[in-house]
Amino acid sequence: MSSKPWPKALEIAVHLCLWAIIICFPLFFWGRDHQIGLHDLLRFAAMPAACAIVFYTNYCAWVKTCLLQKKLGIFLALNLVLIVCVLFGEHLWHEWLNALRDMDAETVVRKHGPSPWMFAIRNSTMLVLTCGLSVAIRMTANWYQSEMHRQTLEKEHTEMALKNLKSQLHPHFLFNTLNNIYALVAFDQEKAQTALLDLSKLLRYVLKESERNTVPLSGEILFLQQYIRLMSLRIGPNVTLSIDFPDPKRLAAGQDPQIAPLLFINLIENAFKYGIPASAKSLIHLSMKWNAANGILEFTCSNPVFDTAPISSGDTGIGLQNLRQRLEYLYPQRHVFTLKNDGSEFAVYLQLTL
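Small disclaimer: the values here were computed from a predicted structure and weren't measured.

Per the secondary structure count, the chain includes nine helices and seven strands. In the chain, which comprises 354 residues, the share counted as buried stands at 37%. Residue pairs at least 24 apart in sequence account for 75% of intrachain contacts in the chain once pairs closer than 6 positions are excluded. Total accessible area computed for the chain in this model is approximately 21300 Å², and 62% of it derives from carbon and sulfur atoms.

And the structure:
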């Protein structure tokens, strides 16, 4: 897998700025009345050329072959030899220019200046700094490429995990819904036939919309309402449904946020699965609140707990486990998911920041 390369425009800009500073730096030490001749240009060209040799030798070769391979000793030794050779070559260049200047008697100027050792110390310091700058830029580029590669791998891993979770969700949803329809067949075949038609609509949504990363909240609410109507066919008069959802039509006409599909269906499935007793009275409460001002969506679901419904806050069934993992992937640090069982009521609270 190829990682995203270091941006070419940024790389060129960094190099241009670097060499503009190196080349123009000596000019700041010239007097305003001093005229720059060919000899001066040739003399001052030595330092930028020396810096370029050290910089690109490290940038193009030694940082990758030595430093990144953790061969620090070899890297330092090679640079020491290179700097000494470059300083010697620069010295020969200056000596040759001085010999050319001395050949022209009219331009011979005898004046005292800093010792050659001072120039050697100054130039060697410049070359060491250039070497360090080369290492810094190349290491930054390498870090950028590694980070892009890591993010690409992480994204692909997340996408594969989400696809796996979705593939688990489809049969889980179908299995639970078919169980509910099977229960209808025993006492009302007409309702069972109606339920099969409703199931085909729900499956169409599950198979189509679950392949998308996000869906409109209004569409998800319509899907949940269809599912609740399907499940309502099997409940008796002893079960009361309390449903408080936003109006899908009003959402679609106004601020309709995008949300990951099929986040709430498992919670509603569990409410119908565990909240419908054989004879006792039961209240299943489902609520969803959308606050467009702060982008927070709140979902609550509660149902009574019966002896035949051994669900607990530590439930490790595929539905809740699947939901927890999807929330971690889709809304990291942007969700609150709590389960509470006080012995008489099981309650779920889910908050998403969209």
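After that view, the rundown keeps rolling.
In this section: the environment of A195. Of note, A195 is situated in helix α5 (residues 189-209). Spatially, the C-alpha atom of A195 lies 9.0 Å from that of R229, the residues being 34 residues apart in sequence.

Across the sheet, which stays open at both edges, the five strands sit in the order β2-β4-β5-β7-β6 with mixed pairing between neighbours. Every interior strand has two partners, whereas the edge strands, β2 (239-244) and β6 (335-341), have only one. Strand-to-strand, the axes of this sheet are offset by a mean angle of 5°, without reference to chain direction. In terms of strand pairing, β2 meets strand β4 (residues 282-291) through six bridges, oriented parallel. Of the residues in β4, the one forming a bridge with V239 is S282. Taken strand by strand, helix α8 (residues 265-274) contacts β2, β4, β5 (296-304), β6 and β7 (345-353), and its axis lies near 15° from that of β5.

Attention shifts here to the packing of α5 against helix α6 (residues 217-232). Here α5 crosses α6 at 155°, and the two axes come no closer than 10 Å. In terms of axis orientation, α5 runs roughly antiparallel to α6. Considering the relative orientation of α5 and α6, their crossing is left-handed. Here A195, D198, L199, L202, Y205 and V206 of α5 come into contact with α6, specifically with G219, E220, F223, Q226, Y227 and L230. Looking at the contact of α5 with α6 residue by residue, the classes come out as eight nonpolar, two polar and two charged.

Further remarks concern the packing of α6 against α8. Taken N-terminus to C-terminus, the directions of α6 and α8 make an angle of 15°; their axes are 11 Å apart at the nearest point. It follows from the interaxial angle that α6 and α8 lie roughly parallel. The two elements α6 and α8 cross, and the hand of that crossing is right-handed. On α8, the residues touching F223, L224, Y227, I228, M231 and S232 of α6 are I265, I268, E269 and F272. Per-class residue counts for the contact of α6 with α8 are eight nonpolar, one polar and one charged.

Turning our attention to the packing of aromatic side chains. Here the structure, examined in full by the defined rule, presents four aromatic pairs. Seen in terms of ring centroids, F55 and Y56 are 4.9 Å apart; in terms of plane orientation they differ by 75°. Their pairing is edge-to-face. Members of the aromatic cluster, connected to one another through ring pairs, are F55, Y56 and Y59. Across the ring face of Y59, the terminal group of R138 is positioned such that the distance to the ring centre comes to 4.0 Å.

This part takes up the confidence of the model for the chain. Residues of the chain with pLDDT of at least 70 account for 72%, and the chain-wide mean is 76. For residues 308-316, every residue scores under 50 in pLDDT, and the model assigns this stretch 14 contacts once sequence neighbours within four places are set aside.

A separate point is the environment of S279. Within the secondary structure, S279 is located in the loop between α8 and β4. Of the residues examined, S279 reaches a relative accessible area of 65% and is grouped as exposed. Spatially, the C-alpha atoms of S279 and P237 are 9.7 Å apart, while their sequence positions differ by 42 residues.

Where a strand is regular, its side chains alternate between the two sheet faces. In terms of strand pairing, β6 meets β7 through seven bridges, oriented antiparallel. Looking across to β7, one finds that F337 is bridged to L350. Where β6 hands over to β7, the hairpin turn is made up of three residues, of which G343 adopts a positive phi near 100°.

Residue K70 is not a glycine yet carries a positive backbone phi of 60°. Secondary-structure assignment places K70 in the loop between α2 (38-67) and α3 (72-103). Its identity is not glycine, yet L262 carries a phi of approximately 60°, on the positive side. Note that L262 resides in the loop between β3 (258-259) and α8. Residue classification places L262 among the buried residues on the basis of a relative accessible area of 3%.

Calculation criteria
Residues numbered from 1 in each chain as written. Predicted model: local features only at pLDDT ≥ 70, side-chain atom pairs only at ≥ 80, totals over all residues. Heavy atoms only, no water. Helix = DSSP H or I, 4+ residues; strand = E, 2+ residues; numbered from the N terminus. Buried < 20%, exposed > 50% of the residue type's maximum accessible area, 1.4 Å probe, protein only. Contact = heavy atoms within 4.5 Å. Areas by Shrake-Rupley, 256 points an atom, 1.4 Å probe, with all protein chains shown as cover. Pairing = 2+ DSSP bridges. Axes fitted to C-alpha atoms, helices over the stretch in contact; angles between N-to-C directions. Parallel < 35°, antiparallel > 145°, perpendicular 65-115°, else oblique. Left-handed = near helix turned anticlockwise from the far one by under 90°. Nonpolar A, V, L, I, M, F, W, Y, C, P; charged D, E, K, R; others polar. Phe/Tyr/Trp six-rings, centres within 6.5 Å; stacked < 30°, edge-to-face > 60°. Lys NZ or Arg CZ within 6 Å of the ring centre and 35° of its normal. pLDDT = per-residue confidence, 0-100.

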